[in-house]
Amino acid sequence: MKWNWGKGIVVGMISFMAFILYMVITMSTDKKYSHDLVTEEYYAKEMKYQTEIDAETNANLLEGKINGILTPEGWLLTFPASIDATSIEGTVSLYRPSNELLDFEMPLAITDGKQLIPDHKLIAGRWNITITWSDGDQDYMYKKSISY
């Protein structure tokens, strides 16, 4: 059997297609290559997006801004004086982009204009903080990415 450049191209193409097919099957069936959506109810959340935009706008219109600083006890959130802590209800959600199992949520409990996210709940790396609250009349939302 004579080997020429035509047979080499055909063998090369078949080898490449077999490799690509192997990779597609491996990536789509192996559990360690998870391709999950960021949130489970992605489409339902997308429908509520305008309310989130309005809530973020309300938070931006407040006198003063929410600030966060790293302390030895954890991440300390400082709220502006214009927020009446006695009349609001809300949550503080922390989302870890690299590991879904580290995500958690805690109730908004402002004391003296501050709230502490304890150190034992956070590990080093990037976190997305979302604070949502309502004063009965309007909804507010604050989003921030931090490096802890």
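Remember, predicted model here, so these are calculated numbers, not experimental data.

Analysis parameters
Residues numbered from 1 in each chain as written. Predicted model: local features only at pLDDT ≥ 70, side-chain atom pairs only at ≥ 80, totals over all residues. Heavy atoms only, no water. Salt bridge = Lys/Arg side-chain N within 4 Å of Asp/Glu carboxyl O. Helix = DSSP H or I, 4+ residues; strand = E, 2+ residues; numbered from the N terminus. Buried < 20%, exposed > 50% of the residue type's maximum accessible area, 1.4 Å probe, protein only. Pairing = 2+ DSSP bridges. Axes fitted to C-alpha atoms, helices over the stretch in contact; angles between N-to-C directions. Patch = residues over 30% accessible without salt bridge, like charges linked within 9 Å, V, L, I, M, F, W, Y side chains within 5 Å. Areas by Shrake-Rupley, 256 points an atom, 1.4 Å probe, with all protein chains shown as cover. Core = buried A, V, L, I, M, F, W, Y, C linked by side-chain atoms within 4.5 Å. Contact = heavy atoms within 4.5 Å.

1. Examining the pattern of salt bridges
Link 1 in the chain: Taken as a whole and judged by the stated rule, the model has one salt bridge.
Link 2 in the chain: Between Lys 143 and Glu 52 there is a salt bridge, and its shortest N-O distance comes to 3.3 Å. Of this pair, Lys 143 sits in strand 7 (residues 139-147) while Glu 52 sits in helix 3 (residues 49-60), and the two are 91 residues apart along the sequence.
Link 3 in the chain: Residue Lys 143 is classed as partly exposed on the basis of its relative accessible area, which comes to 38%.

2. Section: the sheet that holds strand 2 (residues 74-78)
Link 1 in the chain: Strand order in the open sheet made by the three strands is 1-2-5, with antiparallel pairing throughout. Either end of the sheet is taken by a strand with one partner, and the two such strands are strand 1 (67-71) and strand 5 (114-118). Mean inter-strand twist for the sheet, computed between neighbouring axes without regard to direction, equals 25°.

3. So, the pairing of strand 1
Link 1 in the chain: As paired strands, strand 1 and strand 2 are joined by five bridges and run antiparallel to one another. By the bridge assignment for strand 2, Asn 67 is matched with Thr 78.
Link 2 in the chain: In sequence, strand 1 turns back onto strand 2 through a hairpin of two residues.

4. Considering a nonpolar patch on the surface
Link 1 in the chain: A cluster of nonpolar side chains, namely Trp 5, Ile 9, Val 10, Met 13, Ile 14, Phe 16, Met 17, Phe 19, Ile 20, Tyr 22 and Val 24, defines an oily patch on the protein surface of about 1200 Å² accessible area.
Link 2 in the chain: Residue position: Val 24 is located in helix 1 (residues 5-29).

5. A few points about the nonpolar core
Link 1 in the chain: Of all hydrophobic cores here, the largest spans 24 residues; its most connected members are Val 92, Ile 117, Ile 131 and Trp 133.
Link 2 in the chain: Taken together, the elements giving at least two residues each to this core come down to strand 2, strand 3 (89-95), strand 4 (104-107), strand 6 (126-134) and strand 7.
Link 3 in the chain: Broken down by element, the residue count for this core peaks at four residues, all from strand 6.
Link 4 in the chain: The residues contacting Val 92, other than those within four sequence positions of it, are Leu 77, Phe 104, Glu 105, Met 106, Leu 108, Gln 115, Ile 117, Ile 129, Thr 130 and Ile 131.

6. Considering the sheet that holds strand 3
Link 1 in the chain: Strand order in the open sheet formed by four strands is 4-3-6-7, with antiparallel pairing between adjacent strands. What marks the edges here is a single partner per strand, and that holds for strand 4 and strand 7. Each neighbouring strand pair of the sheet contributes to a mean axis angle of 15°, computed without reference to strand direction.
Link 2 in the chain: Examined bridge by bridge, strand 3 and strand 6 share seven bridges and lie antiparallel to one another. Its bridge partner being in strand 6, Thr 91 is matched across the sheet by Thr 132.
Link 3 in the chain: Along the sheet, helix 3 contacts strand 6 and strand 7; its crossing angle with strand 7, the most-contacted strand, is approximately 85°.

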